Amino acid sequence: MTTQEIVSKLWNLCNVLRDDGITYHQYVTELTYILFLKMAKETEAESKFAAGITLIEGDHLTPEQEALNNEKKMIQAYSWNVLISKSGLELYRYYKDLLRLFGTHCIGRVREIYQGSMTNIEEPKNLEKIITTINELDWFSAREEGLGNLYEGLLEKNANEKKSGAGQYFTPRVLIDVMTRLMKPQPGERCNDPACGTFGFMIAASQYVRKHTDDLFDLDADTARFEREEAFTGCELVHDTHRLALMNAMLHNIDGQIILGDTLSNIGKNMNNYHLVLTNPPFGTKKGGERATRDDFIHTTSNKQLNFLQHIYRSLVTDGTGRAAVVLPDNVLFADGDGEKIRCDLMDKCNLHTILRLPTGIFYAQGVKTNVFFFSRGKKDKGNTKEVWFYDLRTNMPGFGKTTPLKTEHFADFEKAYEAGDRYAVQDERWSVFTREQIAERGNSLDLGLIRDDSVLDYNDLPDPANSAEEAAANLEEAVDLLMSVMKELRALEV
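Below or above, wherever it landed, is the structure these notes cover. (Residues numbered from 1 in each chain as written. Predicted model: local features only at pLDDT ≥ 70, side-chain atom pairs only at ≥ 80, totals over all residues. Heavy atoms only, no water.)

Topic: the environment of Thr132
Okay, step 1: With respect to the helices and strands, the residue Thr132 is situated in helix α7 (residues 124-135).
Okay, step 2: According to the relative accessible area criterion, Thr132 is partly exposed, its value standing at 35%.
Okay, step 3: When the C-alpha positions of Thr132 and Ser87 are compared, they lie 9.9 Å apart, and in sequence the two are 45 residues distant. (Helix = DSSP H or I, 4+ residues; strand = E, 2+ residues; numbered from the N terminus. Buried < 20%, exposed > 50% of the residue type's maximum accessible area, 1.4 Å probe, protein only.)

Put into structure tokens, the structure is as follows:
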């Protein structure tokens, strides 16, 4: 079986859970719990579940201590084979206990994944059906194609299912890969996603480095360890999504820190000195319209994207290597007040060299219009942006969506323009440039670079108004004459 076939089979299991009232997001979380256990079996990592767990020793243990030891022994004796040997209510109780014990007594990634976990499945037969189906999948093929790819396929399937709501701001893999290729993460660099979701950007960055270093074998031991353990980090606010990120990272051999928290709180103050930031921050405003809780922001606003933008350019190293590619909605381009101040601060501290106007329909929320900001942190805090290049990938493009997916070839001309040695020599109507002075003359708005929309008639293409009025009057007269003749015929019939 191919990875796609396995993903489809796993996704179809959600039908089993409908009667239990399980939502799509809950379903992916349930699958995460069980898939983790099965994948640990397939990768011979089951022994790591009990790593570091020690029993309380002594001749006279209290009942509480004995109970604690029994719980720890249960983890030490755990195996997938034991799990699938059980059925019905016995299986259900064993599984519920495991979720609680793994989140309480295990250490490291295992504990992070299962911390606070609980099953939403109420019918033991449904749980048994899922575990049995997972056990019977073609795991040899899954291992060959990569367990991480299988899991990412499942996450993408969830995002593509409109009823799940997960795709509202899901970043298409094609876009992630384009942004990563253009940013070119390098060995030894500290990379971060401050709104990491399921960790897609950091996985793409890690895979880029591995691809260009023979899967890290070209690196010395210390740098290879750094790549696995420290290079790729993130922060995620939502507990269940954080759990998915941890699982995704683990399956791609990434052990970097993934914080459960809010980057826009004071937690984010310690997230800094990054060489590269790749991210798609959440859209919208803080609930209730409250201000950001960061006490180090100069410009306070309830707009999440503007606050994330402030955080990102402030978090980059200032040695000339700090850079970022960030997905942002259109309102960031033209928001006045604090929005204008933040854009000016960005263009002062960074070289905002490129803005890609993305097509509509690539995010599943209706009407969301987005862009990618590409910028690099300057060594000084003033005057870093001299000009901004725009590429319009939105106007006169097909309507993207589930039936017309975004593909790599759609970005080919943009990538060619972006990487051109002489950007002025690029012959492409979608490619344009505005100087910092021209932007200032437009009130520091960055809502620029869109070409003529062929679906909208230009005023010069409209016919002469006088001729149009004369033609309309003639048509009306003809219609009146026709109605009058019909009326006369009807009168004649009455006589």
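Describing the environment of Met118
Okay, step 1: Summarising the element assignment, Met118 is placed in the loop between α6 (108-114) and α7.
Okay, step 2: Owing to a relative accessible area of 56%, Met118 belongs among the exposed residues under this scheme.
Okay, step 3: The spacing of Met118 and Lys96 is 22 residues in sequence and 7.0 Å in space, taken between C-alpha atoms.
Okay, step 4: Setting aside residues up to four positions removed in sequence, Met118 forms contacts with Glu30, Tyr33 and Leu99. (Contact = heavy atoms within 4.5 Å.)

Considering the packing of helix α1 (residues 3-12) against helix α9 (residues 147-160)
Okay, step 1: One can describe the packing of α1 onto α9 by two numbers: an axis separation of 9 Å at closest approach and a directional angle of 50°. One finds that α1 runs oblique with respect to α9. When the axes of α1 and α9 are compared, the crossing they make is right-handed. Judged by residue contacts, Thr3, Ile6, Val7, Ser8, Leu10 and Trp11 of α1 engage Asn149, Leu150, Gly153, Leu154, Lys157 and Asn158 from α9.
Okay, step 2: Within the contact of α1 with α9, the residues separate by chemical class into 6 nonpolar, 5 polar and 1 charged. (Axes fitted to C-alpha atoms, helices over the stretch in contact; angles between N-to-C directions. Parallel < 35°, antiparallel > 145°, perpendicular 65-115°, else oblique. Left-handed = near helix turned anticlockwise from the far one by under 90°. Nonpolar A, V, L, I, M, F, W, Y, C, P; charged D, E, K, R; others polar.)

Comments concerning the environment of Phe226
Okay, step 1: As for its position among the elements, Phe226 is in helix α12 (residues 221-229).
Okay, step 2: Those residues in contact with Phe226 that lie beyond four places of it in its chain are Gly188, Glu189, Arg190 and Ala231.

Remarks on the packing of helix α2 (residues 24-42) against α7
Okay, step 1: Following both chains from N to C, one finds α2 and α7 inclined at 40°, their axes separated by 11 Å at the closest point. Judged by the angle between their axes, α2 and α7 are oblique. Pair α2 / α7 crosses with right-handed handedness. Together, Leu31, Ile34, Leu35 and Lys38 of α2 and Leu127, Ile130, Ile131, Ile134 and Asn135 of α7 make up the contact between the two elements.
Okay, step 2: Of the residues in the contact of α2 with α7, the class split is 7 nonpolar, 1 polar and 1 charged.

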